Amino acid sequence: MAKKRQKRRSGSAFLLTFLIALVLFGGLSAWVMIDLLAPADTPTPTAPTTTTAPPVTEHKDLRMLLITEDAGEAQGFVVISIETQMGRVRVVPLPRETTVTTGTEQVRLFEWYRTADLDAVTAGVGDLLDWDLSCYAVMSYHALTQFVTYLNEGVIYTLDENISYTNSVGTTVKMAAGARTLSASQVSDLLRYNAWHGGRRARANVQGDITAALFDQYFTAPRFDEQDSDFKKFISLTRSNILTSDYVTARESLLSVARRNSFDISKVTPPKGEFIGVGEAMRFEIAEKPLG
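Definitions and limits used
Every chain begins its residue count from 1, and numbering advances along the sequence as written. Given that this is a predicted model, residues contribute local features only at a pLDDT of at least 70 and side-chain atom pairs are listed and counted only at 80 or more, while totals for whole chains, interfaces and linings are drawn from all residues. The side-chain figures draw on all heavy atoms in the structure; neither hydrogens nor water molecules are used. Only protein chains enter the accessibility calculation, which uses a 1.4 Å probe; a residue whose area is less than 20% of its type maximum is buried, one above 50% is exposed, and one in between is partly exposed. A run of DSSP states H or I qualifies as a helix once it reaches four residues; a run of E qualifies as a strand once it reaches two. Both are numbered from the N-terminal end. Here, strands pair whenever DSSP counts at least two bridges between them. Only heavy atoms enter the contact rule, under which two residues are in contact if any of them lie within 4.5 Å. Only the stretch in contact is used when fitting a helix axis, every axis being a line fitted to C-alpha atoms; angles between N-to-C directions are given from 0 to 180 degrees. Within this document, salt bridges are pairs made up of a side-chain nitrogen of Lys or Arg and a carboxyl oxygen of Asp or Glu, the two lying within 4 Å of each other. We define the nonpolar core as a collection of buried residues of types Ala, Val, Leu, Ile, Met, Phe, Trp, Tyr and Cys that are connected through side-chain atoms lying within 4.5 Å of one another. Here roughly perpendicular refers to angles of 65 to 115 degrees, roughly parallel to angles under 35, roughly antiparallel to angles over 145, and oblique to all remaining angles. The nonpolar class holds Ala, Val, Leu, Ile, Met, Phe, Trp, Tyr, Cys and Pro. Asp, Glu, Lys and Arg form the charged class, and all remaining residues, Gly among them, are polar. Between N or O atoms, a polar contact is any pair within 3.5 Å; within protein, one atom must be a potential hydrogen donor and the other a potential acceptor, and residues adjacent in sequence are included only when both atoms are from side chains. We call Phe, Tyr and Trp rings a pair once their centres come within 6.5 Å, taking the six-membered ring for Trp, and we label the pair stacked below 30 degrees between planes, edge-to-face above 60, and tilted otherwise. The criterion for a charge sitting over a ring is simple: Lys NZ or Arg CZ within 6 Å of the ring centre, and within 35 degrees of the ring normal.

Visitor: Got a sec to walk through helix α4 (residues 141–151)? Specific residues and values, please.
Guide: All buried positions along α4 are accounted for by Tyr 141, Ala 143, Leu 144, Thr 145, Phe 147, Val 148 and Leu 151. In the segment just after α4, Asn 152 is the residue with positive phi, at about 80 degrees.

This is the structure in C-alpha cells:
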C-alpha cells in the first residue's frame, strides 16, 4: 500500500528538482537578474531608461520524468507536473513493470531503460499518458542519499506498516509504523524494501510518496532564494537534459507555486490498471490515464 506523507512546517524550504524536480528547472539566477536589470537603449538622450523583464508565461505546467536506479537498474519511474494554474505539484508513480509499445513490440519500462535512449524513454512515457513530456532526470539511490544529506533535515513521512528486512550489505533494517523523520539512509532503505502488503503497486507508490514528501517539505517560497545551490547540487548528482534556459523561462511560474505551498502542495495520482502474469513475467497494464 502507498505510504502517506505528514505535513510539517520547516524553517527552510526547497527548490526542486526530485528533483525536480525537485527540484528541477534551476539555474544561475544571479547572472539572469544582472542581465534583466541591464539598462535598455534609449531613443533620445532625454528619454528615461527602463528595464523590462521578459514576459512570464502564465499557467504553463512544467513537467519531467524522474527515474530512480539502484546498481544501474531502473527502480522507479515518477512523472512530475508542477501545475501553475492549480497551484500544486502532481506526482504520478508508474510501476517499473508498466508496459509500453515500441514499434511492434511491448516491453516493460525497466527492461526498455536498459537499452533505450533516455529521450526515447521519456517521450514513450509521455505517449503512454497522452502527455507532452521531454525533460528527464536520473538519480541513483546513492545519489538520493547524498541529496537528502545535503538538504539536512531529513524527510517527514508516515509509515502505515512495520517493515523489517536485511539489506544488500547484510544490515537489518527495521522501521515501526507511524510518523517519523527519515534520515538520508532510511530513505534509500525504504525504497529498497520489496515486501509491502500492497505488493508491486505499493512499492511503486512509495517512489511517488517520497518525491511528494520532498516537494511538500522543501519546495516553499522561503527556500526558493537558495535555488542556485539546490540546483547545482541536484544536477551534480543526476543525469539530466534540464537546461538553464528552462529555468529562465519557468522561474516566476515556479515561484508562484512555491508561494502557495502550505506543506501540502503535492498530489500523488497513481495510474489505474492491473498486473498481469506471475513472478518475474508480471507486467502492469494501464487502464485509465491519470493526467488531464
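Read on, since the account is not over.
Visitor: Let's hear about the sheet that holds strand β6 (residues 136–140): which residues, and what values?
Guide: Here six strands make up an open sheet; going across it, the order is β11-β6-β1-β2-β3-β12 and the pairing mixed. Edge strands, defined here as strands with exactly one partner in the open sheet, are β11 (239–240) and β12 (266–268). Pairing geometry for strand β2 (residues 73–83) and strand β3 (residues 88–94), over seven bridges, is antiparallel. Opposite Val 78, over in β3, you have Pro 93 as the bridge partner. Contacting β1 (62–70), β2, β3 and β12, helix α6 (residues 199–218) runs over the sheet at an angle of about 45 degrees to β2.

Visitor: Describe the pattern of salt bridges, with residues and values.
Guide: Enumeration according to the criterion identifies 13 salt bridges in this entry. One salt bridge in this structure joins Arg 96 and Glu 73, with 3.4 Å as the shortest N-O distance. Within this pair, whereas Arg 96 is found in the loop between β3 and β4 (99–102), its partner Glu 73 is found in strand β2, the two being separated by 23 residues in sequence. We note a salt bridge from Arg 200 to Glu 97, for which the minimum N-O separation is 3.1 Å. Here the residue Arg 200 occupies a position in helix α6, and Glu 97 occupies one in the loop between β3 and β4, the gap between them amounting to 103 residues. For Glu 97, a relative accessible area of 5% corresponds to the buried category. Residues joined by salt bridges that share partners form a network here, namely Glu 73, Arg 96 and Arg 114.

Visitor: Run through the environment of Asp 230, naming residues and quoting values.
Guide: Position of Asp 230 relative to the elements: it lies in helix α8 (residues 227–236). Put simply, Asp 230 and Leu 151 are 79 residues apart on the chain and 8.4 Å apart in space, counted from C-alpha to C-alpha.

Visitor: A description of the pairing of strand β9 (residues 172–175) should follow, citing residues and the corresponding values.
Guide: Here β9 shows one buried face, formed by Val 173 and Met 175, and one open face, formed by Thr 172 and Lys 174. Summarising the sheet, strand β8 (residues 163–166) and β9 pair through four bridges and their orientation is antiparallel. Bridging from a neighbouring strand, Tyr 165 pairs with Val 173 of β9.

Visitor: An account of the nonpolar core is needed here, citing residue identities and associated values.
Guide: Ranked by size, the top nonpolar core spans 50 residues in total, and within it Leu 190, Ile 210 and Phe 219 carry the most contacts. The contacts of Ile 210, once residues within four sequence positions are left out, are Tyr 157, Leu 182, Val 187, Leu 190 and Leu 191. In terms of nonpolar packing, the next biggest core, distinct from the first, is built from 22 residues, Val 100, Val 107, Trp 112 and Tyr 113 among them.

Visitor: An account of unusual backbone geometry is needed here, citing residue identities and associated values.
Guide: Of note in this structure, Ala 71 is not a glycine but carries a positive phi near 55 degrees. In this structure, Ala 71 sits in the loop between β1 and β2. Positive phi values are uncommon outside glycine, yet Phe 263 reaches one of about 70 degrees. Relative to the elements of secondary structure, Phe 263 occurs in the loop between α9 (244–258) and β12. The exposure class of Phe 263 is buried, given its relative accessible area of 10%.

Visitor: Tell me about the packing of helix α5 (residues 184–192) against α6, residues and numbers included.
Guide: For the pair α5 and α6, the least separation of the axes is 9 Å and the interaxial angle reads 155 degrees. Considered as vectors, α5 and α6 are oriented roughly antiparallel to each other. Contacts between α5 and α6 involve Val 187, Leu 190, Leu 191 and Arg 192 from the first element and Arg 203, Val 206, Gln 207 and Ile 210 from the second. Taken together, the residues that form the contact of α5 with α6 break down as five nonpolar, one polar and two charged.

Visitor: So what's going on with the side chain of Glu 83? Which residues, and what values?
Guide: Take Glu 83: it is sitting in strand β2. One polar contact links Glu 83 to Ser 81, side chain to side chain, over a distance of 3.5 Å. A distance of 2.9 Å separates polar atoms of two side chains, one belonging to Glu 83 and the other to Arg 90.

Visitor: For the packing of aromatic side chains, give the residues involved together with the corresponding values.
Guide: In total, this model carries eight aromatic pairs according to the counting rule given. On the numbers, 5.7 Å between centres and 70 degrees between planes, the contact of Phe 147 with Phe 234 is edge-to-face. Taken as a pair, Phe 147 in helix α4 and Phe 234 in helix α8 lie far apart in primary sequence, 87 residues in all. Owing to a relative accessible area of 1%, Phe 147 belongs among the buried residues under this scheme. Taking the centre distance of 4.8 Å and the plane angle of 85 degrees together, the rings of Tyr 193 and Trp 196 count as edge-to-face. Of the two residues, Tyr 193 and Trp 196, both sit in the buried class. The aromatic ring of Phe 110 is capped on one face by Arg 96, whose charged end is 4.0 Å from the ring centroid.

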